[in-house]
Amino acid sequence: MSERILLLGGVTEALAIARRLGPEHVYSLAGVGRVPQDLACTVRVGGYGGAEGLAAYLREARITLLIDATHPYAAQISRNAVRAAQTAGIPCWALRRPAWQAQPGDVWREVADWAELMQALEPFARPLFTLGREPLQHLDEIPAQQFWTLRALDACPGNDRCEVIGARGPFQIADERALFARRRIDVLVSKNSGSVATEPKLEVARELGVPVLVLKRPVLPAVDREFSQIESLLTALATD
């Protein structure tokens, strides 16, 4: 039987992999963001119903290789992928970006969860959140002395002390400088995604001496093969 790949997308690099896949392969998206219309491979949008549902799909679709190219913070999906691949008896590979590393001049503090983050935010007045939509669940917790700027993929309602900006990377450093100045940002809140497309915000924080609160990366499960660079994964696909 010829190889058939299921690629779980979630990072920019996943689309580059999908562009190399033919019609026998499947590119899977959770449904957040835009669905590409110009791919040769099949595009599937939506969930699977946990590890058991994914394993059932792998068997039904006769998938022979599962590639996890989801976001570094999508830990539950990564765990489901490993369990499903084991259940279906196929290998699981993963593309996992290296984390950003603090540079000279950076003022970083790593926080483990939302409670620790809120405690660390107490001295500040104008935070910029780049955590996706998660802060929307906490709008009623905004301290009286703070005004939040929240950047997510799509604009949505905030409240009188939070404005939500809809924007998609890649971001340019000049635009990030303008955002920090316009919003008078005094602290940046970020995941450590390792993405080149969103790294300019860290450069601006470094320039301005703005502290960065970094949400700690989750521990991800071991896979059969792990790649830190897309080129290595594509080479493995071409030679294995």
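Quick note: structure is the one above.
Reference entry: report on the structure contained in this document. Predicted model only: the values in this text are computed from it and were never measured. (Residues numbered from 1 in each chain as written. Predicted model: local features only at pLDDT ≥ 70, side-chain atom pairs only at ≥ 80, totals over all residues. Heavy atoms only, no water.)

### So, the sheet that holds strand β9 (residues 162-166)
The 6 strands lie next to each other as β6-β11-β10-β7-β8-β9, forming an open sheet whose pairing is parallel. Each edge of the sheet is formed by a strand with only one pairing partner; in this case those strands are β6 (108-111) and β9. Ignoring which end each strand starts from, the neighbouring axes of this sheet average 20 degrees apart. Where strand β7 (residues 127-130) meets strand β8 (residues 148-152), 2 bridges bridge the pair, whose relative direction is parallel. Within β8, the residue paired with L128 across the bridge is T149. (Pairing = 2+ DSSP bridges. Helix = DSSP H or I, 4+ residues; strand = E, 2+ residues; numbered from the N terminus. Axes fitted to C-alpha atoms, helices over the stretch in contact; angles between N-to-C directions.)

### Section: the environment of A40
Along the chain, the position of A40 falls in the loop between β2 (26-29) and β3 (42-45). Along the primary structure A40 and A144 are separated by 104 residues, whereas in three dimensions their C-alpha atoms are 52 Å apart.

### Considering the packing of helix α2 (residues 50-60) against helix α3 (residues 75-88)
Closest axis-to-axis distance for the α2/α3 pair is 8 Å, and the angle between their directions is 45 degrees. Judged by the angle between their axes, α2 and α3 are oblique. Handedness of the crossing formed by α2 with α3: right-handed. Listed contacts from α3 to G50, A51, E52, L54, A55, L58 and R59 of α2 are N80, A81, R83, A84, A85, T87 and A88. (Parallel < 35°, antiparallel > 145°, perpendicular 65-115°, else oblique. Left-handed = near helix turned anticlockwise from the far one by under 90°. Contact = heavy atoms within 4.5 Å.)

### Considering the state of the cysteines
Counted by the stated rule, this structure contains 0 disulfides. Counting only cysteine sulfurs, C41 is the nearest neighbor of C92, a cysteine outside any disulfide, at a range of 18 Å. Counting only cysteine sulfurs, C162 is the nearest neighbor of C156, a cysteine outside any disulfide, at a range of 8.2 Å. (Disulfide = S-S within 2.5 Å.)

### Brief notes about helix α5 (residues 173-183)
Turning to α5, its buried residues are E176, L179, F180 and R183. Taken down its axis, α5 places every buried residue within 95 degrees of arc, on the same side. Seen from the open side of α5, the exposed residues pointing more than 90 degrees away from its buried face are A181 and R182. Buried residues belonging to α5 abut β7, β8, β9, β10 (187-191) and α6 (200-208). Backbone geometry just downstream of α5 places R184 in the positive-phi region, at approximately 55 degrees. (Buried < 20%, exposed > 50% of the residue type's maximum accessible area, 1.4 Å probe, protein only. Arc of directions from axis to C-beta.)

### Here we look at the side chain of R151
With respect to the helices, strands and loops of the structure, R151 is situated in strand β8. Among the polar contacts listed, one links the side chain of R151 to the side chain of E176, at a separation of 2.8 Å. If we skip the residues at most four places from it in the chain, R151 touches F129, T130, G132, I165, A167, F171, E176, L179 and K201. (Polar contact = N/O pair within 3.5 Å; in protein donor to acceptor, adjacent residues only side chain to side chain.)

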